[in-house]
Amino acid sequence: MLESLLPLAAMILVVLAFLVYLQFVAAGYYQQLLQARVIFAYEMLAQSQQRIMARQILLLLAKLLFVIALLAIVGLFALQWIDPEPVAWLAAGGWLAAWVAVRLFVVMQMRPARLLNS
């Protein structure tokens, strides 16, 4: 009985993975839109560096929470079939930490615009 339902379960997992992928792509475009708004406010409206950095860090935290939620959902389904090694957990944590560090470095490098429309 279960063997006959296995193709259906696989198809459902593929559809769910595709929906998660679409959600990820849509969230990426939304983050790019928010980034463009922040850069516009930064360059065109000459806001303070602290305010811009705070906005960027909040955007980074929102993206980080989304990535963690996505990894948790994928992990919830994947851990039923695989048992990852501790090295895999360390690699995933290292990747996440490196991603956050790179994003924070970019945020810390932002400086107020000196000349507008030049």
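Residues numbered from 1 in each chain as written. Predicted model: local features only at pLDDT ≥ 70, side-chain atom pairs only at ≥ 80, totals over all residues. Heavy atoms only, no water.

**Student:** Explain the nonpolar core to me, and be specific about the residues and the numbers.
**Tutor:** Ranked by size, the top nonpolar core spans 6 residues in total: Leu60, Leu64, Val67, Leu96, Trp99 and Val100. If you list the elements that add at least two residues to this core, you get helix 2 (49-78) and helix 3 (86-108). If sequence neighbours within four positions are ignored, Leu64 has contacts with Leu96, Trp99 and Val100. (Core = buried A, V, L, I, M, F, W, Y, C linked by side-chain atoms within 4.5 Å. Buried < 20%, exposed > 50% of the residue type's maximum accessible area, 1.4 Å probe, protein only. Helix = DSSP H or I, 4+ residues; strand = E, 2+ residues; numbered from the N terminus. Contact = heavy atoms within 4.5 Å.)

**Student:** Now, about the environment of Ala17: what can you tell me, with residues and values included?
**Tutor:** Residue placement: Ala17 occurs in helix 1 (residues 2-44). Given a relative accessible area of 49%, Ala17 falls into the partly exposed group. The sequence separation of Ala17 and Val74 amounts to 57 residues, and the corresponding C-alpha distance is 8.4 Å.

**Student:** Tell me about the packing of helix 2 against helix 3, and name the residues and values.
**Tutor:** For the pair helix 2 and helix 3, interaxial distance at closest approach is 10 Å and the crossing angle is 165°. It follows from the interaxial angle that helix 2 and helix 3 lie roughly antiparallel. As for how helix 2 packs across helix 3, the hand of that crossing is right-handed. In this structure, helix 2 uses Gln49, Met53, Gln56, Ile57, Leu60, Lys63, Leu64, Val67, Ile68 and Leu71 to contact helix 3, whose residues at the interface are Trp95, Leu96, Trp99, Val100, Arg103, Leu104, Val107 and Met108. For the contact of helix 2 with helix 3, the residue count by class is 14 nonpolar, 2 polar and 2 charged. (Axes fitted to C-alpha atoms, helices over the stretch in contact; angles between N-to-C directions. Parallel < 35°, antiparallel > 145°, perpendicular 65-115°, else oblique. Left-handed = near helix turned anticlockwise from the far one by under 90°. Nonpolar A, V, L, I, M, F, W, Y, C, P; charged D, E, K, R; others polar.)

**Student:** Give a detailed account of the packing of aromatic side chains, specifying residues and quantitative values.
**Tutor:** Considering all chains together, one arrives at 1 aromatic pair under this definition. Taken together, a centroid distance of 5.9 Å and an interplanar angle of 10° make the contact between Phe24 and Phe66 stacked. Of this pair, Phe24 sits in helix 1 while Phe66 is found in helix 2, placing the two residues 42 residues apart along the sequence. According to the relative accessible area criterion, Phe24 is partly exposed, its value standing at 39%. (Phe/Tyr/Trp six-rings, centres within 6.5 Å; stacked < 30°, edge-to-face > 60°.)

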